[in-house]
Amino acid sequence: MLAAGTSSRFGDENKLLADVNGRTVIAQSVQNLTDSTIDTVYVVTGNEHHHVENTIGHLGVQTVTNKAYEQGQATSIKTGIRAVRRVPIDAVLISLGDMPFVTPSMINRLIATYQQVAAGIIVAGYQGRRGNPVLFDASYLESLASIRGDTGARQLIRESNDAVLVETEDPGVVRDIDTPDDLR
């Protein structure tokens, strides 16, 4: 889970620490992952990492700090990839800390699709729109580790000839919290 950003559009507060339904945004986002069938959850922190890590410390996840988080989302992806390379994996699911409405059942659906189809990238979608999270086969780890900028893995997904969009019928996969209005 990528949770390192500066929350620049949210104002003076860290959006990940804002309240959504009685929990912080990041705690709800992480809980959704831990309630899924994912084996191990790594959370890449950066901005206010001590506060973010304290909020999720009880959830049994691994945290990794991205010291270069201000340079864009690619640095968080690289930090996460370095962490997961330490253990044998079949795939990596990249999710965003500001998307607390992605349900565990939707995450499980992406994993099940990966296990059933011969595709290297499984993308959550809603009404034809690409959303998050995105599951990448381990064969994409090197490519993920080499991306640059603040657009995440979008270009890698666009250029792939084995990406599958899974219609989730779940608006949570396209609903992130960037501004206070988004939270309201």
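Residues numbered from 1 in each chain as written. Predicted model: local features only at pLDDT ≥ 70, side-chain atom pairs only at ≥ 80, totals over all residues. Heavy atoms only, no water.

Moving on to the sheet that holds strand 5 (residues 62–65). The sheet built from 3 strands is open, its strands ordered 1-4-5 with parallel pairing. With one partner strand each, in any of the chains shown, strand 1 (2–3) and strand 5 form the two edges of the open sheet. (Pairing = 2+ DSSP bridges. Helix = DSSP H or I, 4+ residues; strand = E, 2+ residues; numbered from the N terminus.)

Next up on the list: the packing of aromatic side chains. For the coordinates displayed, the defined rule picks out 1 aromatic pair. Arg175 extends its terminal NZ or CZ atom over the ring of Phe101, reaching a point 3.9 Å from the ring centre. (Phe/Tyr/Trp six-rings, centres within 6.5 Å; stacked < 30°, edge-to-face > 60°. Lys NZ or Arg CZ within 6 Å of the ring centre and 35° of its normal.)

A separate point is the packing of helix 1 (residues 25–34) against helix 2 (residues 49–56). Contact geometry of helix 1 with helix 2 gives a least axis separation of 9 Å together with a crossing angle of 50°. Relative to helix 2, helix 1 is oriented oblique. In this structure, the crossing between helix 1 and helix 2 has a hand that is right-handed. Of the residues in helix 2, those touching helix 1 at Ile26, Ala27 and Val30 are Val52, Thr55 and Ile56. Here the contact of helix 1 with helix 2 is composed, by residue class, of 5 nonpolar, 1 polar and no charged. (Axes fitted to C-alpha atoms, helices over the stretch in contact; angles between N-to-C directions. Parallel < 35°, antiparallel > 145°, perpendicular 65-115°, else oblique. Left-handed = near helix turned anticlockwise from the far one by under 90°. Contact = heavy atoms within 4.5 Å. Nonpolar A, V, L, I, M, F, W, Y, C, P; charged D, E, K, R; others polar.)

Now for the side chain of Thr113. Mapped onto the fold, Thr113 is located in helix 4 (residues 104–116). Aside from chain neighbours lying at most four places away, what touches Thr113 is Ile122 and Val166.

We now examine helix 3 (residues 73–84). For helix 3, with 12 residues, the first-to-last C-alpha span of 17 Å sits near the 16 Å given by 1.5 Å per residue. Counted residue by residue, helix 3 has 9 buried out of 12 residues, so it is predominantly covered. Within the span of helix 3, buried status applies to Ala74, Thr75, Ser76, Ile77, Thr79, Gly80, Ile81, Ala83 and Val84. (Expected span 1.5 Å × (residues − 1). Buried < 20%, exposed > 50% of the residue type's maximum accessible area, 1.4 Å probe, protein only.)

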